[in-house]
Amino acid sequence: MLLLVGLAVLPLFAVVVYDSLRQRQESLAAAQRQAQELAETAALQQQLIFGHTQQILSSLAKTGELYTGKIQGKCAELGTEWLRRFPYYINFGLIAPDGTVLCSVVPFKGAVNLADRDYFRQARDSRDFAIGRYQTGRITGKPTVNAAYPLVSEGRLVYVAYLAIDLSWLNTLLSHIQLPPDSNVALIDNEGTVLAAYPPDTFNIGQSLPDFPRLRAAMALGPSSVTEWIDEAQIERATLLHALDSTSRGSTFLTLSTPKRRLYAEANRMLGQRLAWLGLALASVLAAAWLGSDVLILRKLRRLNAAILDFGQGDLSARTGLAPAADELGTLAKSFDHMAHRLQQQEEKLQQAITELGNVNRALHLLSAGNRTLLHAKEETALLQAMCRVAVEKGHYLMAWVAIARTTKAKPFFPWRTPASPSITCNGSASAGGITNSGKAP
């Protein structure tokens, strides 16, 4: 019965486990949505900054002083004002058509050539606004994204103006999100280089992401994917990857990495709580089933079994003693008690018949022995003694009294009224001489 109860509860455990798996999937989906929303926010903020940068640099084409030889003072004046008003700019400068840096708000020593930078080459060749890849500035020494705009006079390229955009705005953006404990978020390029991270001490800016080899394969799967791995501290982590943008300057990805135990903490807590309550319920049901089976079934079975054993050993009075009930055991117990009662009655009748038959048989033996004694008797006293002996030996009486009745039609015989009548009294020891010749009625 307990096994049946356990099997009946088993589907409930399956439902609880299935619901826990569903909650884990929901937790993962929620984390993916968070990463997507963060990536979309960062992409929007980036587009706003890039658009504003294009407006600033394109306005330089209308600044006539830059086309004269007084560029040093004008460069510092314009750049300092922009850096003061817009904190996400950390440098402004002009580059000659051969890539030589002509002026910079941030001072530099020696000659600096930027002819190999992609933003410079794109602006020079296309004669239009260009944005470079994420890089570490040769003058600032910080991770930046540089935007450039060509300054053309009479069809001739004079300078390429550029603004260096600091990536600290990404750190500010990332710091406003709520992360699960022990989680981190980072912005990387398609080479795995960390451009921004939060918490700030999680990764070294400008270095490769530790789990980038695993993420590289995930990048080819689509704009959003999930990878699982074990970090240096042997902690299982889930990293959610979402593309920030994909342009001619390369792809940018946002990664959200969190321990799986944190990601699924709520689902695991609910699973543990539900399993605990279900286990408690199962224990209560099993206890109730055990007590119920003991009261309703096992005790009745034990009493029924004991009655059957006693009856089988010859105790025809054995009964179950169970109250009448409509269930199977009650019906079985009632049938047994009824059968035992009938058999006991039949046995009593049989014993009574045997007793009566024995009495009749004894009387016949006594009568036969008495007749033989009468035939062989020679005198009165011997006859009395022999008849008394026959009574106790053949009739199996404990005591006998034998007398000669002298009666007439007018006067019946009453031994106690005729003390002169000869008589013999004997008991079961008559064969051993237990005969008394009193000559009187007892």
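Each remark here, short or long, concerns the structure printed above.
Residues numbered from 1 in each chain as written. Predicted model: local features only at pLDDT ≥ 70, side-chain atom pairs only at ≥ 80, totals over all residues. Heavy atoms only, no water.

Here's the deal with the overall build of the chain
Logical step 1: Along the backbone of the chain there are 9 helices and 13 strands.
Logical step 2: Looking at the chain residue by residue over its 442 residues, the buried ones come to 38%.
Logical step 3: Of all intrachain contacts in the chain linking residues separated by at least 6 positions in sequence, the fraction that spans at least 24 positions is 51%.
Logical step 4: For the chain, the accessible area works out to roughly 25300 Å², and carbon and sulfur atoms hold 58% of it. (Helix = DSSP H or I, 4+ residues; strand = E, 2+ residues; numbered from the N terminus. Buried < 20%, exposed > 50% of the residue type's maximum accessible area, 1.4 Å probe, protein only. Contact = heavy atoms within 4.5 Å. Areas by Shrake-Rupley, 256 points an atom, 1.4 Å probe, with all protein chains shown as cover.)

Description of the packing of helix α8 (residues 328–376) against helix α9 (residues 380–393)
Logical step 1: Relative orientation of the contacting elements α8 and α9 amounts to 165°, with a least axis distance of 10 Å. Taken as axis vectors, α8 and α9 run roughly antiparallel relative to one another. Like other packed secondary-structure pairs, α8 and α9 cross with a definite hand, here right-handed. Contact with α8, carried on its side by L366, A369, G370, T373 and L374, involves L383, A386, M387, V390 and A391 of α9 and no other residues of that element.
Logical step 2: For the contact of α8 with α9, the class distribution of residues is 8 nonpolar, 2 polar and no charged. (Axes fitted to C-alpha atoms, helices over the stretch in contact; angles between N-to-C directions. Parallel < 35°, antiparallel > 145°, perpendicular 65-115°, else oblique. Left-handed = near helix turned anticlockwise from the far one by under 90°. Nonpolar A, V, L, I, M, F, W, Y, C, P; charged D, E, K, R; others polar.)

Digging into helix α3 (residues 118–126)
Logical step 1: For α3, the complete set of buried residues consists of D118, Y119, F120 and A123.
Logical step 2: The elements touched by buried residues of α3 are β1 (89–95), β3 (130–136), β4 (143–153) and β5 (156–166).
Logical step 3: Directly after α3, the chain includes R127, whose backbone phi takes a positive value near 55°.

Focus on the packing of aromatic side chains
Two aromatic rings are characterised by how far apart their centres lie and by the angle between their planes.
Logical step 1: In total, this model carries 6 aromatic pairs according to the counting rule given.
Logical step 2: Between Y88 and Y89, the aromatic rings sit 4.8 Å apart at their centres with planes inclined by 65°, giving edge-to-face as the arrangement.
Logical step 3: For Y89, a relative accessible area of 2% translates into the label buried.
Logical step 4: Taken together, a centroid distance of 6.2 Å and an interplanar angle of 45° make the contact between Y119 and Y162 tilted. Residue Y119 is found in helix α3, and its partner Y162 is found in strand β5; the two are separated by 43 residues along the sequence.
Logical step 5: A relative accessible area of 1% places Y119 in the buried class.
Logical step 6: The structure contains a cluster of three or more aromatic residues connected by ring pairs, namely F86, Y88 and Y89. (Phe/Tyr/Trp six-rings, centres within 6.5 Å; stacked < 30°, edge-to-face > 60°.)

Considerations on the nonpolar core
Logical step 1: L57, L60, Y89, F92, W169 and L254 are the most contacted members of the largest nonpolar core, which has 51 residues in total.
Logical step 2: Ranked by residue count, the leading element in this core is helix α1 (residues 2–59), at 11 residues.
Logical step 3: Judged by nonpolar contacts, the second largest core, of 13 residues, contains L114, A123, A130 and I139. (Core = buried A, V, L, I, M, F, W, Y, C linked by side-chain atoms within 4.5 Å.)

Notes on the environment of A369
Logical step 1: Its place among the elements puts A369 in helix α8.
Logical step 2: For A369, a relative accessible area of 5% puts it in the buried group.
Logical step 3: Spatially, the C-alpha atoms of A369 and G395 are 9.2 Å apart, while their sequence positions differ by 26 residues.

Quick notes on the pattern of salt bridges
Logical step 1: Here the structure, examined in full by the defined rule, presents 4 salt bridges.
Logical step 2: Residues D118 and R133 are paired through a salt bridge, measuring 3.7 Å at the closest nitrogen-oxygen approach. Taken together, the residues D118 in helix α3 and R133 in strand β3 connect sequence positions 15 residues apart.
Logical step 3: Judged by relative accessible area, which is 39%, R133 ranks as partly exposed. (Salt bridge = Lys/Arg side-chain N within 4 Å of Asp/Glu carboxyl O.)

Some details on α9
Logical step 1: With 14 residues, α9 ought to run about 20 Å at 1.5 Å a step, and its terminal C-alpha atoms sit 20 Å apart, in line with that.
Logical step 2: Along α9, the residues that are buried comprise L383, L384, C388, V390, A391 and V392.
Logical step 3: At the N-terminal end of α9, a side-chain oxygen is found 2.9 Å from the backbone nitrogen of T381, two or three residues along, and the residue is E379. (Expected span 1.5 Å × (residues − 1). Polar contact = N/O pair within 3.5 Å; in protein donor to acceptor, adjacent residues only side chain to side chain.)

Section: unusual backbone geometry
Logical step 1: Of note, the bond from Y198 into P199 is cis; its omega dihedral lies within 30 degrees of zero at -5°.
Logical step 2: Mapped onto the elements of the fold, P199 is located in the loop between β7 (194–198) and α5 (212–219).
Logical step 3: Backbone geometry places R127, a non-glycine residue, at a positive phi of 55°.
Logical step 4: Structurally, R127 is set in the loop between α3 and β3.
Logical step 5: If you check the backbone angles, E154 has positive phi at about 55° while not being a glycine.
Logical step 6: Examined against the element boundaries, E154 turns out to sit in the loop between β4 and β5.
Logical step 7: For E154, a relative accessible area of 83% puts it in the exposed group.

A few points about the sheet that holds β5
Logical step 1: Strand order in the open sheet made by the 5 strands is β2-β1-β5-β4-β3, with antiparallel pairing throughout. On the outer flanks of this sheet lie β2 (101–104) and β3, each paired with one strand and no other. Sheet twist, expressed as the average angle between the axes of neighbouring strands with direction ignored, equals 25°.
Logical step 2: Relative to β5, β4 runs antiparallel, the two being bridged by 10 bridges. Paired with A148 across the two strands is Y162, which belongs to β5.
Logical step 3: In this fold α3 packs onto β1, β3, β4 and β5, with an angle of close to 165° to the strand it touches most, β3. (Pairing = 2+ DSSP bridges.)

Re the environment of S20
Logical step 1: The residue S20 is located in helix α1 in this model.
Logical step 2: Other than its neighbours up to four places away in sequence, S20 contacts A267 and L271.

Thoughts on the side chain of Q135
Logical step 1: Within the secondary structure, Q135 sits in strand β3.
Logical step 2: In this structure the side chain of Q135 is engaged in a polar contact, spanning 3.4 Å, whose partner is the side chain of R117.
Logical step 3: Those residues in contact with Q135, other than ones at most four positions away along the chain, are R117, Y119, K142, P143, T144 and N146.

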